[in-house]
Amino acid sequence: MSAASTSAEANAVEAKNLDLVFQTRDSPIHALSEVNLEIRRGDFISFIGPSGCGKTTLLRVIADLEKPTGGSIVVNGVSPEQARLQRAYGYVFQSPALFPWRTVEGNLKLPLEIMGIDAAERTRRAKESLKMVNLEGFEKKFPWQLSGGMQQRVSIARALTFDPELLLMDEPFGALDEIVRDQLNEHFLRLWEKNRKTVVFVTHSIPEAAYLSTRIVVMSPRPGRIIECIDSDLPPDRTLDIRETPEFLDLSHRIREGLRAGHSYD
Amino acid sequence: MIRRLRDSSLIPVSVVVAFIILIWYAGAVYLNSPVLIDRYERQKTEWNFEKLRQDAWAMERPILPAPHQILKDMNKSILQRKVTSKRSLVYHGWVTISSTLVGFGIGALLGIVLAVGIVYIPTLNRSVMPWIIASQTIPILAIAPMIIVGLGSIGLTGLFPKSIISAYLCFFPVTIGMVKGLRSPDPIHMDLMKTYCASDSHTFFKLRWPSSTPFLFASLKVSIAISLVGAIVGELPAGAQAGLGARLLTGSYYGQTIQIWSALICASILAAILVFLMIAIEKIVLKKMGGRLV
């Protein structure tokens, strides 16, 4: 990784003056306004902000699920649409979004089938990514037989099967209880330290953003915009215990201050 | 054992059946008595209620035959005759069922194809849907003879024209159900397929089609029953030679009410078998698909 270079090549995502206005029946909604953002390769970046601040919209723009109405954006050196066509990213939704009629293994194989990977390789990769999320032995189970946390782990494993360079995650642990969420946060951090993929992570939890990220982007609503980017210097091999340390509390405090500056508490 | 008996539907069902049979016997006496009393008075015979009851349940051409008379006739025409005989209900039932199944196959296929067209082609959605709905407002009894005569004039007779009437009736629920079913996938699942850059055919076969399965079976259960109705209606006009519809028609020509009733009951038994077969297939398929689909 050539960290010194600042060209588009070195950045996973580069957005300039990004603007997005949704035309609704009563009045246009300014979802994103003047968004400037650079995401370096290998970063774990979190978008944090209250609901309606455009964090999910920004993620969907990166994924080419929404088209910006102004400005420019480059993903992996190309347009979001080309990046999608190259299958450059894996997307994890707020709900597990597993197909109920497919087993865990079948769900993991879905992207591989679509991408035309042969059967033996599909089985191997499904097994491998299931191991990454510690769910070996659950291949033949159907989604409803799994707990919510396990389903979300399958959904993360599904995004990992085709080894994308970029992982886009939209509040993946938002629907889970705090105990399971903590557990998955720690597990996911270990996984990220191992493969060091670029992760763009949407959340509205301050501890989650502070614990996981290398950089935290604080956003504010009406219109959705970036207030502040906060770099984190927490040690890489951190465990959940770090949340008791002064450094962590200081980081959380800075995020909270950023949110307050954006009048997000109004 | 007692618990299983209590939880099963056996007791409620048999109570209802017993009740219906009771009313039926009473109804047979009530409906047949005017003819009988009239006859007694003309022949000046002594009669009391007991004699009236016995005669009402044993008439040759009753207004309403008693259940045991129908059972006796069904026993005779199903079990006692060779199945190839023109007077065997098995033979007539087979004629009807074969055109029912062919019609059901054509109708279900047509229904699915139309639904796919409507879901994928916006122009079809706007142009074809009103015609599909209009097609079902035409009374089938009015259009059936025209189909039979029309197809007969171009040399198509026998099973095929009857199947067309079945198909005409049974494509409709399939189209309506499948349009809804093919549009049922979660937006989140559609987005997921988009992030994979899935082609239209992948989205169809891996997402839309499996999501529509419960809707498909709901429609097929309705369709297969009305397909049987279509086949019977198709046998009524133009002097059909065979089939349950033909039995109904000849029965009414000669006032053979018992024959009409046994053909009717035979038809409803067939419909029940077809629907239960469909339910069984549905259970197997949905079980293979995870067994938790609603």
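That block above? That's the structure.
Residues numbered from 1 in each chain as written. Chains lettered and ligands numbered in written order. Predicted model: local features only at pLDDT ≥ 70, side-chain atom pairs only at ≥ 80, totals over all residues. Heavy atoms only, no water.

Pairs of aromatic rings are described using the distance from one ring centre to the other and the angle between the two planes. All names here are of chain A. The full count for this structure, using the stated rule, is 15 aromatic pairs over all chains. Ring geometry for Phe44 versus Phe188: centroids 5.9 Å apart, planes at 75°, classification edge-to-face. Taken as a pair, Phe44 in strand β3 (residues 44-48) and Phe188 in helix α6 (residues 178-195) lie far apart in primary sequence, 144 residues in all. Judged by relative accessible area, Phe188 falls into the buried class, the value being 4%. When the ring of Phe173 is compared with that of Phe201, the centres are 6.0 Å apart and the planes differ by 50°; the resulting orientation is tilted. Remark: Phe201 occurs in strand β7 (residues 198-203) and Phe173 occurs in the loop between β6 (166-170) and α6; sequence separation between them is 28 residues. In this structure, Phe173 and Phe201 share a single accessibility class: buried. (Phe/Tyr/Trp six-rings, centres within 6.5 Å; stacked < 30°, edge-to-face > 60°. Helix = DSSP H or I, 4+ residues; strand = E, 2+ residues; numbered from the N terminus. Buried < 20%, exposed > 50% of the residue type's maximum accessible area, 1.4 Å probe, protein only.)

Here we come to the interface of chain A and chain B. Each partner contributes to the interface: chain A provides 25 residues, whereas chain B provides 20 residues. Around 2200 Å² of area is buried between chain A and chain B when both sides are counted, 69% of it from carbon and sulfur atoms. Per-residue buried area on chain A facing chain B is highest for Trp101, Ile114 and Trp144 of chain A; these three make up 32% of the total on that side. Connecting chain A to chain B are 2 salt bridges. Here Glu113 of chain A makes a salt bridge to Lys206 of chain B, at a shortest N to O gap of 2.8 Å. Linking chain A with chain B are 10 residue pairs in polar contact (both at pLDDT 80 or more), by the criterion used here. Elements represented by at least two residues in the side of chain A that touches chain B include exactly α2 (80-85), β5 (89-92) and α3 (104-114) of chain A. No other element matches the 4 residues that α3 of chain A contributes to the side of chain A that touches chain B. (Contact = heavy atoms within 4.5 Å. Buried area = accessible area lost by both parts, 1.4 Å probe. Salt bridge = Lys/Arg side-chain N within 4 Å of Asp/Glu carboxyl O. Polar contact = N/O pair within 3.5 Å; in protein donor to acceptor, adjacent residues only side chain to side chain.)

With that settled, consider the side chain of Thr203 of chain B. Residues and elements named next belong to chain B. Its location among the elements puts Thr203 in helix α10 (residues 200-235). Using a relative accessible area of 9% as the deciding quantity, one classes Thr203 as buried. Contact partners of Thr203, with chain neighbours within four places excluded, come to Met190, Met193, Ala198 and Arg208.

Spatial relationships are all this shows, so hold off on functional conclusions.
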